[in-house]
Amino acid sequence: MGNSRAVVIWLVVLIVLAFATVLFFVNGGGQRTDTVGASAFSRSAIGYAGIADVMHRVGVRVVKSRGDSVANVNPQGVLVVAEPGTSATPQLMSSLLNARTVLLILPKWTGVASSRHAGWIDSIISVPESTARRAAQVGGIEIVRIRAAPVWTHNEIGRVPVFSNNVQLIKSSRLRPVIGSDGGMLVGEQRSGARRLWVLADPDVIANYGLGSPANAEFSVALINALRGEDGNVVFDEMVHGFTAAGTSPLAILFQFPFVLVTVQGAAAVALLLWATMRRFGAPIAPPPPLQAGKRGLIETTANLFADARHRPIILQRYIREIVQDVGRQMHAPAGLGEGALVEWLRRVGRSRAVEADCGEILRRADELAATGRGGTGALAALARDIFRWKREVTDGVPGYSRPDRNDPERDRQGRRRAG
């Protein structure tokens, strides 16, 4: 019985844990979005939560995609691939850059997360030119970094960005300048049929830090709107930053992290349930005996109930008093005696019959146990034996007091006269 109860308790605990885990991960607990990198979830200086919020405020539908980003872009929309990181595999980049309209932003900085403020960075480090060149996905591209902002000789956007220093530009014979100078292009375009790819060389003008300048905010909105149709949405791909969506197949979810934890818990719960209900080896445990009919069963049940209620000392006290009264009747005690007087009379009768037990002392001990409510089974049994032996010796005589003598009416009369 105890084993089955423990199994049920563990089963309930496992079910509750599994349910809580499902709720936690279904509500987004499985992957945090408080990154400090170059994602649309990041509110750090190098993040893109700012431009996503700005586009939303001007009435554009913004999607931060952790799944099939290409499918989320409508026919007039634009896919923004901002500073792809190490999670961006060649296969993923090839799929993204084959979308109809893409804005690719090259990496320039990497940030060191702040230990004092969540979501902030303490410092930035310039990424190698090879990293920016590899992210461009355009052959024969050259990264150019100059200290001062150049004079733009070509600008199809109509808005002029603001730079403080350290501008990153690109050169490539495969890109047509959209915004450029003699030193290189800030924005270059590559067309292939209906597909348009714009490469923004320097992220400073569109990242959160750069949007502090109204000129850069206007430039960034104009840049995206130049690619976007009237009803187009803006989709920020976050798979290049390591964010992934949950699987769509229920069976696949069961074996994907972190949902595989729930699968393991469920399997353990089923195993415990089978273990609790399977047939065991050996003879079965005998069931408890049924209640017996008759006086004996009734008396035993009543005695057990009194024992559970801790009434045994009071019951023994009343039993002893009844024995004293019964012996008084058998010995023809004078009528009208109270309990105290009857006890004294029986004491004298006992002494006349050489009875060592004292009914008064036995009754006192019973009263004491009943008053305190204390007394183990041994003490109560000793009192019951003492009163039984006293009754037998008073009524039948002590050992050595022969049966014929006990049946002698004259001797009994003499004994009663001495007691009276």
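The rules behind each value
- Throughout this document, residue positions are counted from 1 along each chain, in the order its sequence is written.
- The model is predicted, so local features are restricted to residues of pLDDT at least 70 and side-chain atom pairs to those at 80 or more, both for listing and for counting; the totals for chains, interfaces and linings are taken over all residues.
- Derived side-chain values reflect all non-hydrogen atoms in the structure, with water molecules and hydrogen atoms excluded from consideration.
- Starting at the N terminus, helices and strands are each numbered in turn, a helix being any DSSP run of H or I of at least four residues and a strand any DSSP run of E of at least two.
- In this analysis, two residues are considered to be in contact whenever any of their non-hydrogen atoms come within 4.5 Å of each other.
- Areas reported here follow the Shrake-Rupley algorithm with a probe of radius 1.4 Å; residue values treat only the protein chains shown as occluding.
- Burial classification: accessible surface area is computed with a 1.4 Å probe over protein chains only, and a residue below 20% of its type maximum counts as buried, one above 50% as exposed, and the rest as partly exposed.
- Strand pairing requires that DSSP identify at least two bridges connecting the strands.
- Working definition: rings of Phe, Tyr and Trp (its six-membered ring) pair if their centres are within 6.5 Å, and the pair is stacked with planes under 30 degrees apart, edge-to-face with planes over 60 apart, and tilted otherwise.
- Nine residue types can take part in a nonpolar core, namely buried Ala, Val, Leu, Ile, Met, Phe, Trp, Tyr and Cys, and a core is a set of them joined through side-chain atoms within 4.5 Å.
- What counts as a salt bridge is simple: a side-chain nitrogen of Lys or Arg found within 4 Å of a carboxyl oxygen of Asp or Glu.
- The arc refers to the directions leading from the helix axis to the C-beta atoms.
- The term polar contact refers here to a pair of N or O atoms within 3.5 Å; inside protein, the definition further demands a hydrogen-donor-capable atom paired with an acceptor-capable atom, and it admits residues adjacent in sequence only when both atoms are side-chain atoms.
- Throughout, an axis means a line fitted to C-alpha atoms (over the contacting stretch in the case of helices), and angles, computed between N-to-C directions, take values from 0 to 180 degrees.
- Comment on the angle field: the value is read as roughly parallel under 35 degrees, roughly antiparallel over 145, roughly perpendicular from 65 to 115, and oblique elsewhere.
- Should the near helix be turned anticlockwise from the far one by less than a right angle, the crossing is left-handed, and should it be turned clockwise, the crossing is right-handed.
- Per-residue confidence from the prediction method is given by pLDDT, with values spanning 0 to 100.

1. What to know about the overall build of the protein
Phase 1 of the analysis: The secondary structure content of the protein amounts to 15 helices and 12 strands.
Phase 2 of the analysis: Long-range pairs, those at least 24 residues apart, make up 61% of the contacts in the protein with a sequence separation of at least 6.
Phase 3 of the analysis: For the protein, the accessible area works out to roughly 24300 Å², and carbon and sulfur atoms hold 57% of it.

2. Examining the pairing of strand β10 (residues 184–192)
Phase 1 of the analysis: Burial runs high along β10: 7 of the 9 residues are buried.
Phase 2 of the analysis: Relative to β10, strand β9 (residues 176–181) runs antiparallel, the two sharing 5 bridges. From the neighbouring strand, Pro177 faces β10, where its bridge partner is Gly188.
Phase 3 of the analysis: Where β9 folds back on β10, the antiparallel hairpin that results is connected by 2 residues.
Phase 4 of the analysis: The turn joining β10 and strand β11 (residues 195–200), which pair antiparallel and follow one another in sequence, is formed by 2 residues; a positive phi near 70 degrees is taken by Gly193.

3. Section: the packing of aromatic side chains
Here a ring pair, both rings aromatic, is described through the centre-centre distance and the interplanar angle of the planes.
Phase 1 of the analysis: Using the criterion set out here, one finds 2 aromatic pairs in the structure.
Phase 2 of the analysis: With centroids separated by 6.4 Å and ring planes inclined at 55 degrees, the aromatic side chains of Trp152 and Phe163 adopt a geometry described as tilted. With Trp152 in the loop between β6 (142–146) and β7 (154–155) and Phe163 in the loop between β7 and β8 (167–171), the pair connects residues that are 11 residues apart, well separated along the chain.
Phase 3 of the analysis: Residue Trp152 is classed as buried on the basis of its relative accessible area, which comes to 16%.

4. Considerations on the environment of Gly180
Phase 1 of the analysis: Positionally, Gly180 belongs in strand β9.
Phase 2 of the analysis: Excluding anything up to four places from it in sequence, Gly180 contacts Trp152, Thr153, His154, Met185 and Leu186.

5. Overview of the side chain of Ser69
Phase 1 of the analysis: Relative to the assigned elements, Ser69 resides in helix α3 (residues 69–72).
Phase 2 of the analysis: For Ser69, a relative accessible area of 2% translates into the label buried.

6. Observations concerning the nonpolar core
Phase 1 of the analysis: Ranked by size, the top nonpolar core spans 36 residues in total, and within it Leu103, Leu186 and Leu200 carry the most contacts.
Phase 2 of the analysis: Ranked by residues supplied to this core, first place goes to helix α6 (residues 214–227) with 6 residues.
Phase 3 of the analysis: Beyond its immediate stretch of four places on either side in the chain, Leu186 contacts Trp152, Pro161, Phe163, Gln168, Leu169, Ile179, Gly180, Val199, Leu200, Ala201, Asp202 and Phe219.
Phase 4 of the analysis: Among the nonpolar cores identified, the runner-up in size contains 27 residues, and Leu175, Leu197, Val199 and Val235 belong to it.

7. Focus on the pattern of salt bridges
Phase 1 of the analysis: Within this structure, the stated rule accounts for 19 salt bridges.
Phase 2 of the analysis: The closest approach of N and O atoms between Lys108 and Asp204, which form a salt bridge, is 2.8 Å. Of this pair, Lys108 sits in the loop between β3 (101–105) and β4 (109–113) while Asp204 sits in the loop between β11 and α6; the two residues are 96 residues apart in sequence, bridging distant segments of the chain.
Phase 3 of the analysis: When its relative accessible area of 3% is taken as the criterion, Lys108 is described as buried.
Phase 4 of the analysis: The salt bridge partner of Arg329 is Asp326, with a shortest N-O separation of 3.6 Å. Pair noted here: Arg329 and Asp326 are both in helix α10 (residues 312–330), with a separation of 3 residues, about one helical turn.

8. Description of helix α4 (residues 90–97)
Phase 1 of the analysis: For α4, every residue scored as buried is listed here: Leu92, Met93, Leu96 and Leu97. The buried residues of α4 all sit within an arc of 120 degrees when viewed along its axis, so they share a single face. With respect to the buried face of α4, the exposed residues turned more than 90 degrees away are Pro90 and Gln91.
Phase 2 of the analysis: Buried residues belonging to α4 abut α3, β2 (78–82), β3, α5 (129–136), β11 and β12 (234–237).

9. As for the side chain of Ser172
Phase 1 of the analysis: Checked against the element boundaries, Ser172 lands in the loop between β8 and β9.
Phase 2 of the analysis: A relative accessible area of 12% places Ser172 in the buried class.
Phase 3 of the analysis: A polar side-chain atom of Ser172 sits 3.1 Å from the main-chain amide nitrogen of Arg174.
Phase 4 of the analysis: Not counting residues within four places of it along the chain, the set of residues in contact with Ser172 comprises Val138, Gly139, Gly140, Ile141 and Met185.

10. Comments concerning the pairing of β12
Phase 1 of the analysis: Here β12 shows two buried faces, one formed by Val234 and Phe236 and the other by Val235 and Asp237.
Phase 2 of the analysis: Here β2 pairs with β12 via 3 bridges, running parallel. Opposite Val80, over in β12, you have Phe236 as the bridge partner.

11. Some details on the packing of helix α12 (residues 359–372) against helix α13 (residues 377–396)
Phase 1 of the analysis: At a minimum axis separation of 10 Å, α12 and α13 run at an interaxial angle of 155 degrees. The pairing of α12 with α13 is recorded here as roughly antiparallel in orientation. Note that α12 runs across α13; the crossing there is left-handed. Together, Cys359, Ile362, Arg365, Ala366 and Leu369 of α12 and Leu380, Leu383, Asp386, Ile387 and Trp390 of α13 make up the contact between the two elements.

12. What to know about the confidence of the model for the protein
Phase 1 of the analysis: On average, residues of the protein score 82 in pLDDT, and 78% of them reach the 70 mark or higher.
Phase 2 of the analysis: Confidence drops under pLDDT 50 across residues 401–407; counting only partners more than four residues distant or on other chains, this segment forms 9 contacts.

13. Some remarks on unusual backbone geometry
Phase 1 of the analysis: The phi angle at Gln137 is positive, at roughly 55 degrees, despite the residue not being glycine.
Phase 2 of the analysis: Among the structural elements, Gln137 can be located in the loop between α5 and β6.
Phase 3 of the analysis: Although it is not a glycine, Asn166 sits at a positive phi angle of roughly 50 degrees.
Phase 4 of the analysis: For Asn166, the position within the fold is in the loop between β7 and β8.
Phase 5 of the analysis: A relative accessible area of 35% means that Asn166 is categorised as partly exposed.

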